[in-house]
Amino acid sequence: MIRLNHVRLPIGFWAFDVSGGEPYIQGQLPYLDKAVSWAKKYGIKVMIDLHGVPGSQNGFDNSGQKTSNPSWYLSQSNIDRTNAIIKRLIDTYKDQTSVVSAIAALNEPLGSLGSQMLSVTRQYWYDSYGNIRFPYGTSQQSNTVLVISDAFQGLDAWQGFMPTPEWQGVMMDIHKYQMFSVPENQRSNSEHIAFACSQGSSLASFSLWVIVGEWTPAATDCAKYLNGRGVGSRYDGSFPGSTRVGSCTGLTGKASTFSSSYKTFLRQYWEAQSSTYEKGQGWIQWTWKTEIADEWSYQAGLENGWIPKDPTARAYPNICG
């Protein structure tokens, strides 16, 4: 018994809709249904997360299209296709809220693309509210929570957005990583922990429910292909234009190669983050399991001692002071 209550399940638009020569393989939907049935059997709730949309919302490989010119927001057809997928999802699961508690309408839209992207994203949140909260064609609200993203703008940019009581059942999802820049990779272990601990007040004071829907006990970008297929890491200087901090040996890969002091740090960093993120409505770690990067794996953390079976059991209860 590991006392987790939610799974965030990412799925791409291509599971529902492939057109115009898009190079995707379909067949995912029966497995989504299987996952929901397994979750029901074991008393776990599911947040379905639309992780990639037509044209790409951020240009990241995990959106389904790695590109320097993401175009989701530039095409009404892309947006219409996305809204149609949300309608299909909510139509399927609107009466299964004992299992599918929430739908995340779009993972990590890239707000830094500019004002048009942010405007389109805001309107998409409003459209998703209508689709997810009012799926019955009447004034009856569903009990499915709409999960929105901060679009990498930070919580302050969204303070007061969709306020209660006019808006009901809306939750913000913010992602917290400390390895996607050279300065973050240069932080010492204690600096990583201190930064994590500093995040609590903004979560506690935010105007909506808020979860940290992605985070990791990994503190470097050493994991293979984390930055893209064939792309190196900032930490060891193999990422283009980066400044080497040190060797990735012993910081990524199988836990059997990790030193006891590194595993102690992973435990401390995990506790600092999980306890801080609970100042909001909670957290979901990325990810449950990995192929070759155990520092990212909840499963490996359980097996090797840096994640407790009871996530409320603290070996370092005063890690944040």
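Everything below is about the structure shown above.
From a predicted model like this one, the values you see are computed outputs, not experimental measurements.

A. Just the packing of aromatic side chains, in detail. This model, assessed by the stated rule, comprises 23 aromatic pairs. Through successive ring pairs, a cluster of aromatic residues spans Tyr126, Tyr129, Phe134, Trp158, Phe161 and Trp167. One Lys or Arg, Arg187, reaches over the ring of Phe195 and ends 4.3 Å from the middle of that ring.

B. Highlighting the pattern of salt bridges. Enumeration according to the criterion identifies 10 salt bridges in this entry. For Glu22, the salt bridge goes to Arg81, with nearest N and O atoms at 2.8 Å. Placement of the pair is Glu22 in the loop between strand S1 (6-12) and helix H1 (29-42) and Arg81 in helix H2 (residues 76-93), with a sequence separation of 59 residues. We note a salt bridge from Asp221 to Arg234, for which the minimum N-O separation is 3.1 Å. In this pair, Asp221 sits in the loop between strand S6 (209-214) and helix H7 (260-277) while Arg234 sits in the loop between S6 and H7, placing the two residues 13 residues apart along the sequence. Judged by its relative accessible area of 0%, Asp221 falls in the buried class. By sharing partners, the salt bridges in this structure join Arg8, Asp49, Asp173 and Glu214 into a single network.

C. Examining the sheet that holds strand S2 (residues 45-52) more closely. Pairing within the open sheet is parallel, and its six strands lie in the order S1-S2-S3-S4-S5-S6. Edge strands, defined here as strands with exactly one partner in the open sheet, are S1 and S6. Mean inter-strand twist for the sheet, computed between neighbouring axes without regard to direction, equals 30°. The sheet contacts of helix H3 (residues 115-133) involve S2, strand S3 (100-104), strand S4 (145-149) and strand S5 (170-175), and relative to S4 the element is tilted by about 165°.

D. Structural context of the packing of H1 against H2. As a packed pair, H1 and H2 sit with axes 13 Å apart at the nearest point and diverge in direction by 40°. Between H1 and H2, the interaxial angle falls into the category oblique. Between H1 and H2 lies a crossing whose hand is right-handed. Counting all contacts with H1, which are made through Leu29, Leu32, Asp33 and Val36, the residues of H2 involved are Arg88, Leu89 and Tyr93. In terms of residue class, the contact of H1 with H2 is made up of five nonpolar, no polar and two charged.

E. Just the state of the cysteines, in detail. Under the defined criterion, the tally for this structure stands at two disulfides. Note on cysteine connectivity: Cys197 is disulfide-linked to Cys320, with sulfurs 2.0 Å apart. What sets the handedness of the Cys197 and Cys320 disulfide is the S-S torsion sign, and at about -80° it is left-handed. Residue Cys197 is located in helix H5 (residues 189-197), and its partner Cys320 is located in the segment after helix H8 (298-304); the two are separated by 123 residues in the primary sequence.

F. Local environment of H3. The end-to-end C-alpha distance of H3 is 27 Å, a good match for the 27 Å that 19 residues give at a rise of 1.5 Å each. The set of residues buried in H3 consists of Met117, Leu118, Val120, Thr121, Tyr124, Trp125, Ser128, Tyr129, Asn131, Ile132 and Arg133. Packed against the buried residues of H3 are S2, H2, S3, S4 and S5.

G. Unusual backbone geometry, seen in detail. Cis geometry is found at the peptide bond from Thr164 to Pro165, where omega equals 5°. Relative to the helices and strands, Pro165 is located in the loop between S4 and S5. Cis geometry marks the peptide bond from Trp286 to Thr287, where omega comes out at 20°. Along the chain, Thr287 turns up in the loop between H7 and H8. Despite not being glycine, Arg3 has its phi angle at roughly 55°, a positive value. By the element assignment, Arg3 lies in the segment before S1.

Here is what the cut-offs are and how they apply
- Residues numbered from 1 in each chain as written.
- Predicted model: local features only at pLDDT ≥ 70, side-chain atom pairs only at ≥ 80, totals over all residues.
- Heavy atoms only, no water.
- Phe/Tyr/Trp six-rings, centres within 6.5 Å; stacked < 30°, edge-to-face > 60°.
- Lys NZ or Arg CZ within 6 Å of the ring centre and 35° of its normal.
- Salt bridge = Lys/Arg side-chain N within 4 Å of Asp/Glu carboxyl O.
- Helix = DSSP H or I, 4+ residues; strand = E, 2+ residues; numbered from the N terminus.
- Buried < 20%, exposed > 50% of the residue type's maximum accessible area, 1.4 Å probe, protein only.
- Pairing = 2+ DSSP bridges.
- Axes fitted to C-alpha atoms, helices over the stretch in contact; angles between N-to-C directions.
- Contact = heavy atoms within 4.5 Å.
- Parallel < 35°, antiparallel > 145°, perpendicular 65-115°, else oblique.
- Left-handed = near helix turned anticlockwise from the far one by under 90°.
- Nonpolar A, V, L, I, M, F, W, Y, C, P; charged D, E, K, R; others polar.
- Disulfide = S-S within 2.5 Å.
- Expected span 1.5 Å × (residues − 1).

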